[in-house]
Amino acid sequence: MAGSLRLALFGPPGAGKGTQAQLLKDKLNVAHVSSGDLFRHHINEGTELGARATEFMSKGLLVPDDLVIEMVLDEVSGLEQGSGFILDGFPRTRDQAAALETALRARRQPLDKALLVSVPQAELVRRLGGRFICRECQAPYNLEESQFASPPRCERCSGELYQRDDDRPDAIQVRIGVYQEQTAPVLDFYRERGLLEEISGVGAVEDINARALEALGLDSSAQVG
Ligand code: AMP
């Protein structure tokens, strides 16, 4: 049976949100809605939305609110009524957060929690510089510099691993700045509503996942749903 938790996941670029979202999705049996993955899908498919988004994404800038809001809310409204979800990478501005709140209120399904995965800035720069992702299934990998020239294939699906344009050094600095200026204020939005929990995103993936489940009030050994 599908789980019912409705969660928004936050963290600076490189905090490991995507990895934690995948683990939580599998453990809680909820949908994973990643705005970045949706945009990359549009880009791969060559859609008009993908073409509009790519100019912003390749520079590490946020895609304008109207484009993002429509795309993500469409995805959420396509979920079965009552089924849970993890929003990963959305909302990233206060206007996006307000639009989401209005849409979920109309469905009588407000968010249960917002979870922030915190990682110090020096660690983010180090991680993002070595991040490659699978072109097919989007699974993230951390490679050593010596592997950059001929990256291995994806362990899950044998897809090609590549480095995103926005994981190159100049774009990384822009993305961290954008996060601090535009997305950090969204955390106050959820803090004011008493929904925000914060965990450290440093350490082994499974330990971070156990912290996440604990912060959400779920036993880390439990299979929910
Ligand atoms: P991500 O995979 O979440 O790091 O997103 C990659 C890029 O997609 C971001 O740097 C933005 O350019 C764009 N993007 C993803 N989600 C949003 C959002 N909620 N608002 C604006 N731009 C977004």
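Everything that follows concerns the structure shown earlier in this document.
Attention in this report is confined to the structure presented alongside it. Fair warning: this is a prediction, and the values are worked out from it, not measured in the lab.

### What to know about the site of the ligand
Right, on to step 1. Around the ligand, the structure places 16 residues, and the nearest of them are Ser 35, Arg 40, Leu 61, Gly 89 and Gln 96.
Right, on to step 2. Leu 61 is positioned such that a nitrogen or oxygen atom in its backbone is 2.6 Å from an oxygen atom of the ligand.
Right, on to step 3. Within the side chain of Arg 164, one N or O atom sits 3.2 Å away from an oxygen atom of the ligand.
Right, on to step 4. Here the ligand, which alone exposes 480 Å², has 95% of that area covered by the protein.
Right, on to step 5. With 4 residues, helix H2 (residues 35-45) is the single largest residue contributor to the shell around the ligand.
Right, on to step 6. Class assignment of the residues belonging to the shell around the ligand gives a composition of 7 nonpolar, 4 polar and 5 charged.

### Considering the sheet that holds strand E5 (residues 131-134)
Right, on to step 1. What the 3 strands build is an open sheet, ordered E6-E5-E7; its pairing is antiparallel. Looking at strand neighbours, the two that pair on one side only are strand E6 (140-142) and strand E7 (161-162), the edges of this open sheet.
Right, on to step 2. For E5 and E7, the ladder comprises 2 bridges, and the chain directions are antiparallel. Bridged to Cys 134 within E7 is Leu 161.

### Things to note about the sheet that holds strand E8 (residues 196-200)
Right, on to step 1. One open sheet accounts for 5 strands, arranged E2-E3-E1-E4-E8; its pairing is parallel. Whereas interior strands pair on both sides, the edge strands pair on one side only; in this sheet they are strand E2 (31-34) and E8. Each adjacent strand pair in this sheet contributes to an overall mean axis angle of 20°, direction not counted.
Right, on to step 2. In this sheet, E8 lies alongside strand E4 (residues 113-118) in parallel orientation, the contact comprising 5 bridges. Residue pairing for E8: Ala 114 is matched across the bridge by Leu 196.

### Thoughts on the packing of aromatic side chains
Right, on to step 1. Evaluated as defined, the whole model comprises 3 aromatic pairs.
Right, on to step 2. Among the aromatic residues, ring-to-ring pairing joins Phe 10, Phe 189 and Tyr 190 into one connected group.
Right, on to step 3. It is Arg 193 that lies over the ring of Phe 189; its NZ or CZ is 3.6 Å from the centre.

About the criteria used
- Sequence order as written defines the numbering, with residues in each chain counted from 1.
- Local features are withheld for residues below a pLDDT of 70 in this predicted model, meaning they are given only at 70 or higher, and side-chain atom pairs are given and counted only at 80 or more; totals for whole chains, interfaces and linings count all residues.
- Working from all heavy atoms in the structure, the side-chain values ignore hydrogens and water.
- If even one non-hydrogen atom of a residue comes within 4 Å of a molecule or strand, that residue is called near it.
- Polar contacts, as used here, are pairs of N or O atoms within 3.5 Å; protein pairs need one atom able to donate a hydrogen and one able to accept it. Residues neighboring in sequence count only if both atoms are side-chain atoms.
- Areas reported as accessible are Shrake-Rupley estimates using a 1.4 Å probe. Residue values count occlusion only from the protein chains shown.
- To qualify as a helix, a DSSP run of H or I must reach at least 4 residues; to qualify as a strand, a run of E must reach at least 2; elements of each kind are numbered from the N terminus.
- Three residue categories are used. Nonpolar comprises Ala, Val, Leu, Ile, Met, Phe, Trp, Tyr, Cys and Pro, charged comprises Asp, Glu, Lys and Arg, and polar comprises the others, including Gly.
- We call two strands paired when DSSP finds no fewer than two bridges between them.
- Angles run from 0 to 180 degrees between N-to-C directions of axes, and those axes are lines fitted to C-alpha atoms, restricted for helices to the stretch in contact.
- Put simply, two rings from Phe, Tyr or Trp (the six-membered ring, in Trp's case) pair if the centres are within 6.5 Å, and we call them stacked under 30 degrees between planes, edge-to-face over 60, tilted for the rest.
- By the criterion adopted, a ring carries a charge over it if an Arg CZ or a Lys NZ lies within 6 Å of its centre and within 35 degrees of its normal.

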